[in-house]
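Read off the chains here:
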Amino acid sequence: MAELRLICVCGTDTGVGKTVLCAALARAAHALGRGVLAVKPVQTGCYEAPGGELLAPDVEVYRQACPQAQSAALVTLRAPASPHLAARLEGRDISVAGLNLDLRACLDQSGADFVLLEGAGGLLTPLNEEESLLDFFACLDASLVLAVPNRLGAINHALLSIEAARGRGIEPCGFVLLNASAPASGREGDLERRIHGDNGAIISRRGALPCLGELPFVPGLLALDARRRERAWEKASGVLSAAAAALCAPCRADTAYAASILDFDREHLWHPYSSPALQPRAYEAVRARGASIILRDGRFLVDGMSSWWCAAHGYGRAELLQSLRGQAGRMPHVMFGGFTHAPAVDLGRRLLEIAPAGLEKIFYADSGSVAVEVALKMALQYQMALGRPEKKRILALRGAYHGDTLGAMSVCDPVNGMHSLFQGVLPEQIFAPRPECRFDALYTSQSAQELENIFKVRGREIAALILEPIVQGAGGMWFYHPDYLYRARELCLEHGCLLILDEIATGFGRTGRLFACEWARVSPDIMCLGKALTGGVITLSAVLASDAVAEGISRRGGILMHGPTFMANPLACAVAGASLDILGSGEWRDRVLGIEAGLRLGLEPCKGFGGVADVRVLGAIGVLEMERPVNVQRLVRYFVEEHGVWIRPFNRLIYLMPPYIISKEELARLTVAVCGAVREGWWI
Ligand code: PMP
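Below, the structure is looked at part by part. None of the values given here were measured: they were computed from a predicted structure.

Describing the overall build of the protein chain
Helix and strand content of the protein chain: 22 helices and 25 strands. Considered along the principal axes of its C-alpha atoms, the protein chain spans approximately 100 × 60 × 50 Å. Within the span of the protein chain, comprising 684 residues, buried residues form 53% of the whole. Long-range pairs, those at least 24 residues apart, make up 73% of the contacts in the protein chain with a sequence separation of at least 6. In the form shown here, the protein chain has an accessible surface area of approximately 29,800 Å², with 55% of it arising from carbon and sulfur atoms. Of note, the protein chain has its 68 positive side-chain charges centred 2 Å away from the centre of its 72 negative side-chain charges.

Comments concerning the nonpolar core
With 133 residues, the main nonpolar core has Ile526, Phe639, Ile647 and Ile654 as its most contacted residues. Looking at which element gives the most residues to this core, the answer is helix H14 (residues 368-385), with nine residues. In this structure, this core is formed jointly by two domains, domain 2 (301-314 + 587-679) and domain 3 (318-584), each of which donates at least three residues. Here phenylalanine 639 is in contact with Gly644, Val645, Ile647, Pro649, Ile654, Ala673, Val674 and Ala677, once residues within four sequence places are set aside. Counting 46 residues, the second largest nonpolar core, distinct from the first, contains Cys8, Val42, Leu74 and Leu103.

Side note on the site of the ligand
Residues in close proximity to the ligand include Ser367, Gly368, Ser369, Tyr401, His402, Gly403, Glu468, Asp502, Ile504, Ala505 and Lys531, which together make up its full environment. Residue serine 369 places a side-chain N or O atom 2.6 Å away from an oxygen atom belonging to the ligand. One of the side-chain N or O atoms of lysine 531 is found 2.9 Å from a nitrogen atom in the ligand. Compared with its free state, where it exposes 390 Å², the ligand has 81% of that area covered by protein. Of the residues in the shell around the ligand, the class split is three nonpolar, five polar and three charged.

Observations concerning the sheet that holds strand E23 (residues 621-626)
Taken in spatial order, the three strands of this open sheet run E22-E23-E25, and their pairing is antiparallel. The sheet is open, and its two borders are formed by strand E22 (612-618) and strand E25 (653-656), each paired with just one other strand. Sheet twist, expressed as the average angle between the axes of neighbouring strands with direction ignored, equals 10°. The sheet contact formed by E22 and E23 spans six bridges and is antiparallel. In the sheet register, valine 615 faces E23, and the bridge partner there is leucine 624. In the packing of helix H20 (residues 587-603) onto the sheet, contacts are made with E22, E23 and E25, and the angle to E22 comes to roughly 160°. Contacting E22, E23 and E25, helix H22 (residues 664-679) runs over the sheet at an angle of about 165° to E25.

Quick notes on the pairing of strand E21 (residues 541-546)
With six of six residues buried, E21 is to be regarded as a mostly interior element. The alternating pattern of E21 places Ser541, Val543 and Ala545 and Ala542, Leu544 and Ser546 on opposite faces, both of which are buried. Note: strand E13 (residues 359-365) against E21, six bridges, orientation antiparallel. Bridge assignment links lysine 361 to a residue of E21, and that residue is alanine 545. Sheet topology note: the strand E20 (residues 526-529)/E21 ladder contains four bridges and is antiparallel. In the strand pairing of E21, methionine 527 is matched with leucine 544.

Quick notes on H14
Taking 1.5 Å as the rise per residue, H14 with 18 residues should run 26 Å; its terminal C-alpha atoms sit 25 Å apart, in good agreement. Among the 18 residues of H14, 15 are classified as buried, and the element is accordingly described as predominantly covered. At the exit of H14 stands glycine 387, carrying a positive phi of roughly 80°.

Here is what the cut-offs are and how they apply
- Residues numbered from 1 in each chain as written.
- Predicted model: local features only at pLDDT ≥ 70, side-chain atom pairs only at ≥ 80, totals over all residues.
- Heavy atoms only, no water.
- Helix = DSSP H or I, 4+ residues; strand = E, 2+ residues; numbered from the N terminus.
- Buried < 20%, exposed > 50% of the residue type's maximum accessible area, 1.4 Å probe, protein only.
- Contact = heavy atoms within 4.5 Å.
- Areas by Shrake-Rupley, 256 points an atom, 1.4 Å probe, with all protein chains shown as cover.
- Lys, Arg positive; Asp, Glu negative; His and termini not counted.
- Charge placed at Lys NZ, Arg CZ, Asp CG, Glu CD.
- Core = buried A, V, L, I, M, F, W, Y, C linked by side-chain atoms within 4.5 Å.
- Domains from an automatic or database assignment.
- Near = heavy atom within 4 Å.
- Polar contact = N/O pair within 3.5 Å; in protein donor to acceptor, adjacent residues only side chain to side chain.
- Nonpolar A, V, L, I, M, F, W, Y, C, P; charged D, E, K, R; others polar.
- Pairing = 2+ DSSP bridges.
- Axes fitted to C-alpha atoms, helices over the stretch in contact; angles between N-to-C directions.
- Expected span 1.5 Å × (residues − 1).

Put into structure tokens, the structure is as follows:
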């Protein structure tokens, strides 16, 4: 069987013609021997046949032009209006996710290999309050053919549509001109003919897009008698014959191309915490949207990981992408040495507004690990500048994780962390036991006893204490009591040590508070932010410091010795600003509370299953701690293949931290998958 081709056909404005184009393309592809399916995802203006059946007018046209092709409408609505309105009038909902499911079912049933999808109006036609047709097309990874009515205004409409498609990562493969009327006679007609003739050339040149053909105007095509109609369709499909052949040619959707991506990946690309030699096959993600990651074969995986804490608002958030595009158009990057810019300043203002009290200075860096390096350097330089050279050790916690660069590794758990290999190479730091006081248990003064002892004995050497507030993440997904953090703050003050809070994972609402340190009403001297800072769109981190720290470092002309090339990257700062806007609406609070409730309910049954050591939930984080390390590969395969969810366990932990925008149903799919995996022993 030939490779499946998915082709979206969309108008550059709402004029007629797409249906004729679709139908003619269907016929041309059929003539090339393809198994054709013509689909109208949303058909408005449906009418009742005498038998009571609801007829989709465009589907009728496909049938007329190419009776051998299969055809279908996924959603049929009566009102001849935009889909969002026509659906609302019938009390119905259309969504990209729903359309996608319907389409997959239709594809499976038809067995077709050349599938045309005709849009309803233009690319930005709304499907519901938030989603547009473009959103639907964007998650299909299909080819796009634009139907351009050839008339005055065509250039502008076409170029805007091309730009909109490209802005969403859809490269149109060409356009077809549709002559919707016959030119008038006389001089007026001459001008019209010149306009018609010029339109295609300009669109092609300015839009860098081939014209795939020009469909002639056939007055009253649909009402012609059978013989003349047949001749008209034959002519139209003949015009598109070369276009149909081009659409069948090998392309990026091919199985061979997909296989080559996976092969190259396996042979040449390093993945996190892996060896290229032993790497299992990765899944190829082609798009992501909402709470889903979309694979090349069209499967939607519900994301339980937020791409490692960062995609808090889900994927493809229009606000974030718009700010990215806008800033890319203005200035993607400029060196921060000697220059400043509004994105950095605006973001800085907003960060200080929401940050814990007392933080006044900001250093922008490019990743979480680098932020930790900068924070450690700040602390060490501060103590040196204050004339305390003996304070050159960092106190950290067992079970901690702060990043993968050398300095950051030195403050990760020295035994169970990922970096025990580097013992003896890394700067030697001081470690306190993991705080054993659970978040949800009673705190006693005993809980911080060991920490107090260490301060008592080695306080003179300690420049700073670094902590992940409340949630120790990659070191064990452990939630500890806020009073421990409070006591840690007191101890730092008592011993002239700085408190560095690593909010890289916990920041921006994940634990149910905007910053996890709010649980303990504690302000640090230095705070590291990253991950969800840009809503998962682009890498950026920030180190916030108190005036006292900055002034200390600056004593006698001291400078902080750090300055990454991409410091304060304007693109990243602009997106981070847009992400803070989304958080600023406050909607995340209810969403995180809802996820917390869903996780508690959904993971509850696991408490009774064999092999489960602990089940804990805080904010939008749900953790199953098993008694033994789990079989990661087997579990991932089970989650993807059996449940269509993306969950990536590690060590003894199967955990969920979905995007805040996840729906109840999607969340339930995640928890059902986790329960199934444990109940049925897939983790062993
Ligand atoms: N600190 C914490 C608490 C983290 O969870 C991480 C990332 N997992 C880092 C630092 C390092 O961030 P990055 O991976 O961006 O370097």
